[in-house]
Amino acid sequence: MLTKRIIPCLDVKDGRTVKGTRFLDLRDAGDPVELAERYSAEGADELVFLDITATQENRSTLLNLVERVGASIQIPFTVGGGIASLRDIENVLLAGADKISLNSAIVRLPSLLDEAARHVGSQSVVAAIDAKREDGTWKVWTSGGTKRTNLDAREWAREAVERGAGELLVTSMDRDGGKAGYDIELLRDISSLVQVPVIASGGAGTRDHFLEVLQDGTADAALAASLFHYRETSIKEIKTFLQTRGIPVRP
């Protein structure tokens with residue numbers, strides 16, 4: 001049986017880790033390198049680094065910071081934010097990332113996803129989907145949650161996989177930072193449509209939320225940020241709890 005993954009996320013702005021609620025009201029959460037080192041030592045299965053203002057500021061990812069974070073950890077490392085071309089993808093991977101996360105660029109130019117998968121392999125390509133509930137469905141938002149599109153999140157998830165995404169990072173904007181639990185319906189719907197791993201994001205507040213999303217939401221991994229940043233719980237505590245509930249996780 002495949003193990004489930006617990007993944008801390010570093011949302012980075014101006015070189016610092018930040019965390020907000022529903023993508024707004026950002027507050028400082030610490031130094032990205034120090035947090036990355038801690039999570040790697042605590043047993044995180046992977047680390048996600050998102051340069052959350054790169055697209056809005058029309059710039060590339062902070063490669064120097066990516067290099068420093070990558071050099072400080074011994075776990076798989078995914079980087080997103082400001083990646084808009086094959087050259088950007090190559091630069092981020094050369095800086096130390098194992099996978100790249102694409103969102104705004106592939107909504108704007110879906111063929112980039114096909115090209116990325118051919119160029120570096122689907123196993124290195126994550127399609128990130130920021131979704132907000134609207135009239136009984138979910139719409140895709142881009143540019144750090146500032147631009148609404150007409151894309152249905154479930155349809156876009158299926159297309160992204162068909163184009164070559166090897167994994168999906170699905171964030172509920174409605175749940176982000178609220179600590180009321182993941183959007184189980186959204187994640188279950190998307191998981192049922194694709195044959196690639198789905199990472200759940202947005203809403204983690206208790207140990208039970210991780211259990212719920214990995215079990216009922218059928219997610220392959222659960223991502224969280226503020227719970228870990230502010231030491232409200234630890235990766236070890238979450239994994240121990242999941243093991244007692246029969247969820248297969250790595251030590």
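Residues numbered from 1 in each chain as written. Predicted model: local features only at pLDDT ≥ 70, side-chain atom pairs only at ≥ 80, totals over all residues. Heavy atoms only, no water.

### Some thoughts on the packing of helix α8 (residues 207-215) against helix α10 (residues 235-244)
Working step 1: Two elements in contact, α8 and α10, have axes separated by 10 Å at closest approach and are oriented at 55°. When the interaxial angle is binned, α8 and α10 end up oblique. Handedness of the α8/α10 crossing: right-handed. Contacts between α8 and α10 involve Arg207, Asp208, Phe210, Leu211 and Leu214 on the former and, on the latter, Ile238, Phe241 and Leu242.
Working step 2: Taken together, the residues that form the contact of α8 with α10 break down as 6 nonpolar, no polar and 2 charged. (Axes fitted to C-alpha atoms, helices over the stretch in contact; angles between N-to-C directions. Helix = DSSP H or I, 4+ residues; strand = E, 2+ residues; numbered from the N terminus. Parallel < 35°, antiparallel > 145°, perpendicular 65-115°, else oblique. Left-handed = near helix turned anticlockwise from the far one by under 90°. Contact = heavy atoms within 4.5 Å. Nonpolar A, V, L, I, M, F, W, Y, C, P; charged D, E, K, R; others polar.)

### Quick notes on the side chain of Ser172
Working step 1: With respect to the helices and strands, the residue Ser172 is situated in strand β10 (residues 167-172).
Working step 2: Residues in contact with Ser172, not counting those within four places in the same chain, are Ala131, Asp183, Leu186, Ser201 and Gly202.

### Here we look at the packing of aromatic side chains
Working step 1: Under the counting rule described, the total for this entry stands at 4 aromatic pairs.
Working step 2: Ring plane angle 80° and centroid distance 6.1 Å describe the contact between Tyr182 and Phe210, whose orientation is recorded as edge-to-face. In this pair, Tyr182 is assigned in the loop between β10 and α7 (184-193) and Phe210 in helix α8, connecting sequence segments 28 residues apart.
Working step 3: Residue classification places Phe210 among the buried residues on the basis of a relative accessible area of 0%.
Working step 4: One aromatic cluster in this structure is built from Tyr39, Tyr182, Phe210 and Phe228.
Working step 5: Geometry around Trp141 places Lys132 over its ring, the cationic atom sitting 4.2 Å from the centre. (Phe/Tyr/Trp six-rings, centres within 6.5 Å; stacked < 30°, edge-to-face > 60°. Buried < 20%, exposed > 50% of the residue type's maximum accessible area, 1.4 Å probe, protein only. Lys NZ or Arg CZ within 6 Å of the ring centre and 35° of its normal.)

### Some thoughts on helix α2 (residues 63-71)
Working step 1: Residues of α2 that are buried: Leu65, Val66, Val69 and Gly70. The buried residues of α2 all sit within an arc of 135° when viewed along its axis, so they share a single face. Projecting away from the buried face of α2 at angles above 90 degrees are the exposed residues Asn64 and Ala71. (Arc of directions from axis to C-beta.)

### Concerning α8
Working step 1: For α8, every residue scored as buried is listed here: His209, Phe210, Leu211, Val213 and Leu214.
Working step 2: Buried residues along α8 sit against β1 (5-13), α7, β11 (198-201), β12 (221-224), α9 (226-229) and α10.

### Overview of the side chain of Ser234
Working step 1: Tracing the chain through its elements places Ser234 in the loop between α9 and α10.
Working step 2: Of the polar contacts made by the side chain of Ser234, one reaches the backbone nitrogen of Glu237; its length is 3.0 Å.
Working step 3: When sequence neighbours within four positions are dropped, the list of residues in contact with Ser234 reads Glu42 and Phe228. (Polar contact = N/O pair within 3.5 Å; in protein donor to acceptor, adjacent residues only side chain to side chain.)

### Brief notes about the environment of Leu109
Working step 1: Along the chain, Leu109 falls in the loop between α4 (104-108) and α5 (111-120).
Working step 2: Spatially, the C-alpha atom of Leu109 lies 9.0 Å from that of Ala84, the residues being 25 residues apart in sequence.

### Regarding the pattern of salt bridges
Pairing is possible between side chains that carry opposite charge, provided their charged atoms lie close to one another.
Working step 1: Per the stated rule, a full pass over the model turns up 17 salt bridges.
Working step 2: Of the charged contacts in the structure, one is a salt bridge between Arg163 and Asp114, with a shortest N-O distance of 2.5 Å. Here Arg163, found in the loop between α6 (153-162) and β10, pairs with Asp114, found in helix α5; they are 49 residues apart in sequence, far enough to count as distant.
Working step 3: Linking Arg154 and Asp189 is a salt bridge whose minimum nitrogen-to-oxygen distance equals 3.2 Å. You can see Arg154 sitting in helix α6 and its partner Asp189 sitting in helix α7, a full 35 residues away along the chain.
Working step 4: You can call Asp189 partly exposed: its relative accessible area is 22%.
Working step 5: Where salt bridges share partners, they join Arg5, Glu46, Lys99 and Glu167 into one cluster. (Salt bridge = Lys/Arg side-chain N within 4 Å of Asp/Glu carboxyl O.)

### Section: the nonpolar core
Working step 1: Of all hydrophobic cores here, the largest spans 69 residues; its most connected members are Leu168, Tyr182, Phe210 and Leu242.
Working step 2: If we ignore the near neighbours within four places in the chain, the residues touching Leu168 are Val126, Ala127, Ile129, Ala157, Ala160, Val161, Ile190, Val194, Val196, Pro197, Val198 and Ile199.
Working step 3: One finds Ile7, Val48, Ala221 and Leu223 within the second-largest nonpolar core, a separate group that totals 10 residues. (Core = buried A, V, L, I, M, F, W, Y, C linked by side-chain atoms within 4.5 Å.)

### Brief notes about the pairing of β1
Side-chain direction in a regular strand flips from residue to residue, so the side chains alternate between the two faces of the sheet.
Working step 1: Buried residues dominate β1, accounting for 8 of its 9 residues.
Working step 2: Two strands pair when backbone bridges link them, and β1 and β12 are joined in this way by 4 bridges, in the parallel orientation. Across the sheet, residue Ile7 finds its bridge partner in β12, namely Leu223.
Working step 3: Pairing geometry for β1 and strand β4 (residues 47-51), over 4 bridges, is parallel. Bridged to Val12 within β4 is Asp51.
Working step 4: Hairpin connection from β1 to strand β2 (residues 16-21): 2 residues lie between these consecutive antiparallel strands, with Asp14 at a positive phi of about 55°. (Pairing = 2+ DSSP bridges.)

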